[in-house]
Amino acid sequence: MFALVDCNNFYVSCERVFRPDLAGQPVVVLSNNDGCLISRSPEAKALGLRMGAAYFQVKPELQRHGVQVFSSNYALYGDISGRIMRYLASVVPVAEVYSIDECFLHLHGMSAYCGSLTELATHWKEQIRKQMHIPVCIGLGPTRTLAKLANRLVKQLGQPSGVLLLETPAQQQWALAQTPVTEVWGVGRRYSEKLAALGIRTAAQLAEQSEAWARRHLGGVTGARLVRELQGHSCREGGAEGELEASRKTIMYSRSFAQPLTQLPDIQVAVAHFVSRAAEKLRGQHSLANTLTIFISKGRFSSGALPHTCTEVLTLPAPTHDTSELLRYAAAALRRLVQANVAYKKAGIVLSGLETAGQQQLPLFGATPQAALRTTLLAELDQLNQRYGRGTVRFAAALPAPGGVAQPWAGNSRWQTPAYTTRWDDLLWITA
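These numbers were taken from a predicted model, which means no experiment stands behind them.

**Student:** Explain the UniProt feature "domain: UmuC" (unreviewed entry) in the protein chain here, please?
**Tutor:** Here the UniProt feature "domain: UmuC" (unreviewed entry) sits at residues 2–188. The distance from the first to the last C-alpha atom of residues 2–188 is 23 Å, and the span holds 45% helix and 20% strand.

Pasting the structure below:
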């Protein structure tokens, strides 16, 4: 048996933790650079505000209805998410973090010792609300797909308990009949259209198909596993037992700039910041990257010749997580990509082809003594930044050039709340 714990309107809920006066009010959170809506309270959804709507387009409507607007505060959201995930990992044998606001729990054999799984899940829900002040819904089922489906139904039906268990075949069949096939985890737009053409419109109809049919129409083994999951047979592979967070397969870091950048040194500083952050994440999950992708964009609505986005993909001579080496390749790529007298609105990097450190294909002549020293140096750098705060020690390439833009990578954050839980200067003061 699996459970999916999903935080409700997570970013909005995090903002409300330190602003209880916002309860019952329409609230939205904006994306990086205050571009579009990425989280909405139930009250904001009731006003018809769409997920992903551009802020400048809905600004008059937000003002007319008195909607509270916040810039995204990922330091706050990440810390609260970590607290929730650590609590969940302490109450079950295995917890798989699926996203910042979702976590799968392995409940195999727990009912024999803990009694009713519904009561147990309700207790977890209440504890998260009490300790972290975040509302969650929990769906339970014999497979991850059915647990996710149950979680969706909890929210759709507005079930007061916030918990739904799909244990018996009758319960599972009822849930499948209530779910459009477009809402099944793993069915994207392309397959939705294909299934509709084949006359399959509900999850129940899809679950009735054979594995052979799924292999033929839904991408081979992946489609067969999906149908088996809907039929109650667990097939999806999770992370290793005991791991709280699965390793990323790619690492991407990008930002839209608060103001257009025209000078190569400013763009290089921004990209150096992105590379440094991505390399830190890479080392944090004990991985090495084989491929580095750099892209810069003039913006979708900019004038001038196409393309508006230029990209360069670099295959590295050997897999690495060395920030200085990645910075060297990124700087060379930017010199080839950036055009004179062109204003750029966005840039980013992607690290891919990841493999586990210590298991990589070595160069022809093996690792050098300098490589071992670099690994030790980078480990010390990460420890210093963890102890004294991110960015305390940085590579010079990520420092603003003299006379350049102060923080060229920064976007607009006009309504960002303090980092209440991760920065001493932002701690709340209560006067009794």
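Now that the structure is up, let's keep going.
**Student:** Just to check I follow, could you spell out helix H7 (residues 144–157) for this structure?
**Tutor:** Quick reminder: α-helices carry 3.6 residues per turn. Residues three or four places apart thus point the same way. For H7, built from 14 residues, the straight-helix expectation of 20 Å at 1.5 Å per residue is met to within 8% by its first-to-last C-alpha distance of 20 Å. Among the 14 residues in H7, 10 count as buried, and that is most of the element. For H7, every residue scored as buried is listed here: Arg144, Thr145, Leu146, Ala147, Lys148, Leu149, Ala150, Asn151, Leu153 and Val154. The positive-phi residue at the C-terminal boundary of H7 is Gly158, with phi of around 65°.

**Student:** Explain the sheet that holds strand E2 (residues 27–30) here, please?
**Tutor:** The strand order across the open sheet formed by 3 strands is E3-E2-E4, and the pairing between neighbours is mixed. With partners counted over all chains shown, the strands left at the sheet margins are strand E3 (37–40) and strand E4 (68–71), one partner each. Averaged over all neighbouring strand pairs, the angle between strand axes comes to 25°, with direction disregarded. As judged from the 4 bridges shared by E2 and E4, these two strands associate in the parallel manner. Looking at E4, one finds that Val28 is bridged to Val69.

**Student:** In this structure, what is going on with the packing of aromatic side chains? I would like to understand it.
**Tutor:** Each aromatic ring pair is described using two quantities: the centre-to-centre distance and the angle formed by the ring planes. Following the criterion strictly, the structure yields 10 aromatic pairs and no others. A centroid spacing of 5.6 Å and a plane angle of 35° characterise the contact between Tyr253 and Phe274, whose relative ring orientation is tilted. Of the two residues, Tyr253 is situated in strand E9 (residues 251–261) and Phe274 in helix H13 (residues 264–284); the sequence distance between them amounts to 21 residues. With relative accessibility at 10%, the residue Tyr253 sits in the buried group.

**Student:** Quick question: what am I supposed to make of helix H4 (residues 74–89) here?
**Tutor:** The end-to-end C-alpha distance of H4 is 22 Å, a good match for the 22 Å that 16 residues give at a rise of 1.5 Å each. Where H4 is concerned, the buried positions are Leu76, Tyr77, Asp79, Ile80, Ser81, Gly82, Ile84, Met85, Tyr87 and Leu88.

**Student:** Even after reading the chapter, I still don't get the domain arrangement of the protein chain, so can you show me in this structure?
**Tutor:** How large an interface is tends to be reported as the accessible area lost when its parts come together. Taken domain by domain, the protein chain consists of domain 1 (8–75), domain 2 (77–231) and domain 3 (250–357 + 375–398). One C-alpha centre belongs to domain 1, the other to domain 2; they are set 26 Å apart. Listed by partner, the interface residues are 13 residues for domain 1 and 15 residues for domain 2. Counting each side, the surface lost to burial between domain 1 and domain 2 is near 1,100 Å², with a carbon and sulfur contribution of 65%. Of all residues in domain 1, Asn8, Phe10 and Val17 give up the largest surface area on contact with domain 2, accounting jointly for 53% of the area buried on that side. Inspection of the region where domain 1 meets domain 2 yields 0 salt bridges. Our enumeration of links across domain 1 and domain 2 arrives at 6 residue pairs in polar contact (both at pLDDT 80 or more). For the side of domain 1 that touches domain 2, the secondary structure elements donating two or more residues are helix H1 (10–17) and H4. Of all the elements, H1 adds the most residues to the side of domain 1 that touches domain 2, at 6 residues. Of the residues in the side of domain 1 that touches domain 2, the class split is 7 nonpolar, 5 polar and 1 charged.

What counts and what doesn't
Residues numbered from 1 in each chain as written. Predicted model: local features only at pLDDT ≥ 70, side-chain atom pairs only at ≥ 80, totals over all residues. Heavy atoms only, no water. UniProt positions renumbered as here; feature names shortened; annotations may be inferred. Helix = DSSP H or I, 4+ residues; strand = E, 2+ residues; numbered from the N terminus. Expected span 1.5 Å × (residues − 1). Buried < 20%, exposed > 50% of the residue type's maximum accessible area, 1.4 Å probe, protein only. Pairing = 2+ DSSP bridges. Axes fitted to C-alpha atoms, helices over the stretch in contact; angles between N-to-C directions. Phe/Tyr/Trp six-rings, centres within 6.5 Å; stacked < 30°, edge-to-face > 60°. Domains from an automatic or database assignment. Contact = heavy atoms within 4.5 Å. Buried area = accessible area lost by both parts, 1.4 Å probe. Salt bridge = Lys/Arg side-chain N within 4 Å of Asp/Glu carboxyl O. Polar contact = N/O pair within 3.5 Å; in protein donor to acceptor, adjacent residues only side chain to side chain. Nonpolar A, V, L, I, M, F, W, Y, C, P; charged D, E, K, R; others polar.

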